[in-house]
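Residues per chain are reported as follows:
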Amino acid sequence: MPVVTMTVNGKSVSGEVEGRTLLVNFIRDQLNLTGTHVGCDTSQCGACVVHIDGKAVKSCATLALQADGADVTTIEGLAAGGDLHPVQRAFKEHHGLQCGFCTPGMIMTAVDMIRRKPELDEKTVREELEGNLCRCTGYHNIVKAILAASEEMRA
Amino acid sequence: MSEWGIGKPVRRREDDRFIRGRGQYTDDINRPNQTHAVFVRSPHAHALIRSIDLEEANAAPGVLAILTGKDVAEDGLAGLICGWTVHSKDGSEMKAGGHPILAAEKVRYVGDHVVLVLAETKAQALAAADLVLVDYEPLPAVSLKNSTEPGSAQVHDEAPGNLCFEWELGDKAATEDAFSKAARTVSIDLANNRLVPNAMEPRAAIGDYDAGRDEYTLWTTSQNPHVARLVLSAFVGVAPEHKLRVIAPDVGGGFGSKIFIYPEETACAWASKKIGRPIKWTADRSEAFLADAHGRDHLSHAELALDEDGKFLGLKVKTKANLGAYLSTFSAAVPTYLYGTLLSGQYDIPAIYVEVDGVYTTTSPVDAYRGAGRPEATYIVERIVETAARETGFDPAEMRRMNFVKTFPHQTPVIMNYDIGDFEASLDKALEVADYAGFPDRKEEAAKRGKLRGIGFSTYIEACGIAPSAAVGSLGAGVGLWESAEVQVAPTGKIEVFTGSHSHGQGHETTFAQLVSERTGLPLEDIEIIHGDTGRVQFGMGTYGSRSGAVGMSAIFKAIDKVEAKARKIAAQLMEAAEDDVVLENGAFTVKGTDKSLSWPEVTLAAYTGHGFDTAEIEPGLKESAFYDPLNFTFPAGCHICEVEIDPETGVTEIVNFTAIDDFGTIINPMIVEGQVHGGLVQGIGQALYEHGIYDEESGQLMTGSFMDYCMPRADNFPGFKLGFTPTVCPSNPMGMKGCGEAGAIGSPPAVINAITDALGIKDIPMPATPARVWAAIQNSATPKAA
């Protein structure tokens, strides 16, 4: 079986995978980083979003082999040195999560969104969340949290 | 009041693990030596099983065992049960067909469970499952529409004509009499569309049999692990109750769908003994669509009788409710006692009569989904009241106001006794927040932009705090619906609360701790809330029906009463004071009128040393338990106002304003309560505009079996919501709570449809009001297109 090597949350990791192994399965099953979730089988829900070389990617629609040599960040790696990322803080402050299942993907998407969009408004945030489903929050407080984090990070 | 006490928007304690990716959901757990399960499911809606050939599959790499319904029968397991028995109008018991763990003779819906494949890896189990050959003899599919037609195929032999029950509630003669005296009547035919719950975490289970101790542990995505244990032991016979531990760890949303006991977790627990290894099963989303219990799916005809002044005289409703292929855990209760009893709405209606035919079809079982019966009732009442206002020329708000129940308690003709409420207060506040007076101007302005603008109301009531055990017992419930709590104080004063409620997004670890903090003066970090484990919690009926505040917290409240009473006794002896003079305030026991004081930990430590008080009179230790049985249902109520703009060229409906003013009684944490409303609104608006579980009439195939086909509400479908509260304090529980979990999903669908029909000037449009349906309605109606 082929071996992949990548940096995950700052640590070099490698492992044998099948050609068909998805990145999300490599992360969850082989690295035991279970913060990245699987909520669907059609790449719609976004619970599996991680960063590959700084960009938000659905790890259920990425082969582990495609991430060979890449720098991967999962939700577990977002709080650098233990301090919460401003987006994580904002999700808590604004009650942007309930059951928590979509939350890792939401947060990883939001971090990338704020990086890409210098000026975020409510409409843009809502449109940008097209690929992330949440069944609990009605999105209201997720949108508030992302706008607040965006403002804080620009300040 | 402590800074963490009742009424404070305390930030959630559980968030810390979720935002760091440290939650522990069932699929995140792995047991040593674990194996993987895959179910071979029926590809047919309805078929006889002629034979099952396992030869090739058994030889596939990694396969450990392949089990069928024959193995289930050989081990003497019974089928799954429905925990609520309803009776037909002729007095006969509902006609329940068997609900097998693995179908042996016949399959009854696409996704029905036939074969369990166990292998070393999930990939191997999937590959072997593909090699299982089941020879089916297809039978005709049975839909909600054709189920009761003569000559329809029979889903269960026990239920001729596919009729499980013909239920009625109310006074038929009095209602007919009201209609005979009516100045006018209004009628409407309504469909309540089928919904797929779609909690974001798919269901999962790990069964793990310990041969050394002859004990089973089942990790499962459950809203009520004790109920799961009871059903699996007492009814299915997997293991004796004391030999089965059920753990529901972090659970990623439920909305009802994780109340029920399903074949998958049953099979994982049972088979783990057969193969002597732990078995994990995790649904993929496609399986969730096929085999989670769905919600709603009613066809109804309703008639309202009015006098010449617009006062309601009577309501008649006839409903055909889809139960699916098997009776799920609470399915018989949902279209009956959770539905018919709410048909009085917020109104004083002297006579009501409702008939419900519960029918079997070849579709996934239908059971409670957020609101469970109450959204269906509210949809009937609020659509027909709006229609009545339009047909009689009354303002919809004023017609409602005129007919509101205004004095309490109020006995409705359909069992419920409304204890308290102020329906005008929520209506008035909603009218103000939504700026109803300014609507004509906004409509005119929208017309200039070529948009059709409409406004719709819904003044809903629901019944929560489920429920007084004797009351539900008399109506057919097989269980009591109290809740239990244990409050265990450690020698150091730290508190562990073991609750029978289960949190899967509701934030109990925060709100329940707020109550304990309020009562004891302790900071939140000294309080731990433990739930979801039959090995730690004494018992629990679980979380559904917006009951965890009104019932679950009331049990904690009662247990704290006992802890406080005992601690005060101990403190009184320690301080040589009269018990009545000792008060607990701000985390200390003080003797009134003196400077004598002992801190909480000083008293709790003494409770465990047994020093300084008479242990012959007061037992050492400080741990108390309570089982709280509610005195009445609670009645959350409110007013939703929806404003839409429709693009006549595309039929796209945009929600431009949504106001929800609710009366939930006492609110422990307003931030969390608002979050519950937001989520409920999106599920309710989702029902009205987007979501629809569709089975093909002829083949019985689920046409909306993925997120590609089933339209889940997304962030850009909504504006921000305007919320407000007009609380009246519930008299039937110690904190005055009513419940807030389902209101959003109950109140909102009729508000949306009333707004759309207002914009289009039509009587009805079926849910979901998709752009295609709205566009067709515009083409078919006489409404002039906006310029």
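Just above sits the structure.
Each chain carries its own residue numbering, running from 1 in the direction its sequence is written. All chains are assigned letters beginning at A, and all ligands numbers beginning at 1, according to the order in which they are written. Since the coordinates come from a predicted model, pLDDT governs what is reported: local features require at least 70, and pairs of side-chain atoms require 80 or more to be given and counted, while whole-chain, interface and lining totals use all residues. Heavy atoms throughout the structure, all of them, feed into the side-chain values; hydrogens and water do not.

What follows is about the overall build of chain B. Scanning chain B from terminus to terminus reveals 19 helices and 28 strands. The C-alpha atoms of chain B give 27 Å as radius of gyration, which agrees with the globular expectation for 787 residues (28 Å, within 12%). Taking the principal axes of the C-alpha coordinates as reference, chain B spans close to 85 × 75 × 50 Å. Only protein chains enter the accessibility calculation, which uses a 1.4 Å probe; a residue whose area is less than 20% of its type maximum is buried, one above 50% is exposed, and one in between is partly exposed. Within chain B, the fraction of its 787 residues that count as buried is 65%. Residues are treated as being in contact if the distance between any of their heavy atoms lies within 4.5 Å. The contacts in chain B between residues at least 6 apart in sequence include a share of 80% that link residues at least 24 apart. The accessible surface values rely on the Shrake-Rupley method and a 1.4 Å probe; as for residues, cover is taken only from the protein chains in view. In the structure as shown, chain B presents an accessible area of about 25,800 Å², 51% of it carried by carbon and sulfur atoms. Starting at the N terminus, helices and strands are each numbered in turn, a helix being any DSSP run of H or I of at least four residues and a strand any DSSP run of E of at least two. The size measure is the radius of gyration over C-alpha atoms, and the globule rule it meets is 2.2 Å times the number of residues to the 0.38 power.

Once that is clear, we can look at the packing of aromatic side chains. All names here are of chain B. Here a pair means two rings of Phe, Tyr or Trp (six-membered ring of Trp) with centres within 6.5 Å. Their orientation is stacked below 30 degrees between planes, edge-to-face above 60, and tilted elsewhere. A full pass over the atoms with the stated rule returns 24 aromatic pairs over all chains. Ring geometry for Phe404 against Phe423: centres 5.8 Å apart, planes inclined by 70°, an arrangement best described as edge-to-face. Taken as a pair, Phe404 in the loop between α10 (396–403) and β16 (410–411) and Phe423 in helix α11 (residues 423–433) lie far apart in primary sequence, 19 residues in all. Residue class for Phe404 comes out buried when judged on its relative accessible area of 4%.

Let us look at the interface of chain B and chain A. At the interface, 52 residues of chain B touch 45 residues of chain A. Taking both sides of the interface into account, the surface hidden between chain B and chain A amounts to around 4,100 Å²; carbon and sulfur atoms contribute 54%. Contact with chain A buries area across many residues of chain B, yet B:Ile19, B:Arg20 and B:Met200 alone supply 18% of it, more than any other trio. For salt bridges, the criterion is a side-chain nitrogen of Lys or Arg within 4 Å of an Asp or Glu carboxyl oxygen. Put simply, chain B and chain A have 6 salt bridges between them. Residue A:Lys92 is joined to B:Asp16 by a salt bridge in which the shortest nitrogen-to-oxygen separation is 3.1 Å. Throughout this description, a polar contact denotes any pair of N or O atoms lying within 3.5 Å of each other; where both atoms belong to protein, one of them has to be capable of donating a hydrogen while the other can accept it, and for residues adjacent in sequence the pair is counted only when both atoms sit in side chains. Counting across the chain B and chain A interface gives 28 residue pairs in polar contact (both at pLDDT 80 or more). Accessible-area loss on putting two parts together, using a 1.4 Å probe and summing over both, is the definition of buried area adopted here.

Bringing the layout of surface pockets into the picture now. Put simply, the grid is 1 Å and covers the protein atoms alone, a cavity is a trapped set of points that fit a 1.4 Å probe, a pocket is an open set with protein on both sides within 12 Å along at least five of seven lines, and lining residues have an atom within 4 Å of a point. Grid points are joined across faces, edges and corners, and a volume is the space filled by probe spheres set on the points. Volume-wise, the largest pocket comes out at about 1,400 Å³. If one sorts the elements of the lining of the largest pocket by residue count, helix α1 (residues 23–30) of chain A sits on top with 6 residues. Under the grouping applied here, Gly and all other residues not named as nonpolar or charged are polar, the nonpolar ones being Ala, Val, Leu, Ile, Met, Phe, Trp, Tyr, Cys and Pro and the charged ones Asp, Glu, Lys and Arg. A breakdown of the residues in the lining of the largest pocket according to their chemical character gives 17 nonpolar, 13 polar and 14 charged. Counting only elements with at least two residues in the lining of the second largest pocket, the list comes to α4 (122–128) of chain A together with β26 (637–646) and β27 (653–663) of chain B. Residue classes in the lining of the second largest pocket are distributed as 10 nonpolar, 3 polar and 9 charged.

This part covers helix α19 (residues 771–780) of chain B. Residues and elements named next belong to chain B. Restricting attention to buried positions, one finds in α19 the residues Val774, Ala777 and Ile778. Seen end-on, α19 carries its buried residues on one side only, within an arc spanning 100°. Turned more than 90 degrees off the buried face of α19, the exposed positions are Ala772 and Asn780. Regarding the arc, it is the one traced by the directions from the helix axis to the C-beta atoms.

Further remarks concern the pairing of strand β1 (residues 3–8) of chain A. As a general feature of sheets, a regular strand has side chains that alternate between the two faces. All names here are of chain A. Only one face of β1 is covered, namely the one carrying Val4, Met6 and Val8; the face carrying Val3, Thr5 and Thr7 has none of its residues buried. Two strands qualify as a pair provided that DSSP identifies no fewer than 2 bridges between them. Hairpin geometry of β1 and strand β2 (residues 11–16) is characterised by an intervening segment of 2 residues between the two adjacent antiparallel strands and by a positive phi of about 50° at Asn9. Pairing analysis gives 2 bridges linking β1 to strand β5 (residues 71–73), with the strands arranged parallel. Considered in β5, the bridge of Thr7 is made with Asp71.

Attention now goes to helix α17 (residues 670–689) of chain B. Expected helix span is computed as 1.5 Å times (number of residues minus one). With 20 residues, α17(B) ought to run about 28 Å at 1.5 Å a step, and its terminal C-alpha atoms sit 28 Å apart, in line with that. The opening residue of α17(B), the one whose side-chain oxygen lies 3.0 Å from the backbone nitrogen of B:Met671, is B:Asn669.

Ranked by internal contacts, the top residues of the largest apolar core, which has 159 residues, are B:Phe658 and B:Ile756. Among the elements that take part in this core, helix α18 (residues 743–760) of chain B stands out by supplying 9 residues, more than any other. Among all residues touching B:Phe658, those that are not within four sequence positions of it are B:His640, B:Ile641, B:Cys642, B:Leu681, B:Ile685, B:Phe721, B:Lys722, B:Ser748, B:Ala751 and B:Val752. Here the nonpolar core consists of buried residues drawn from Ala, Val, Leu, Ile, Met, Phe, Trp, Tyr and Cys, with membership extended through side-chain atoms lying within 4.5 Å. Within the second largest apolar cluster, 50 residues are counted, among which are A:Val49, A:Leu84, A:Met108 and B:Phe707.

All names here are of chain A. Read across the open sheet, the 5 strands follow the order β2-β1-β5-β3-β4; overall the sheet is mixed. One side of each edge strand has no neighbouring strand; the edge strands of this open sheet are β2 and β4 (55–58). Pairs of neighbouring strands in the sheet enclose a mean axial angle of 40°, with direction left out of account. As paired elements, strand β3 (residues 49–52) and β4 share 4 bridges and run antiparallel to each other. Across the sheet, residue Val49 finds its bridge partner in β4, namely Lys58. Interaxial angles span 0 to 180 degrees and are taken between N-to-C directions of axes, which are lines fitted to C-alpha atoms, for helices over the stretch in contact. Packed on one face of the sheet, α1 meets β1, β2, β3 and β5 and runs near 100° to β2. Running over the sheet, helix α3 (residues 103–116) touches β3, β4 and β5 and is turned about 40° from β3.

Everything listed here is a matter of geometry and, on its own, says nothing about what the molecule does.
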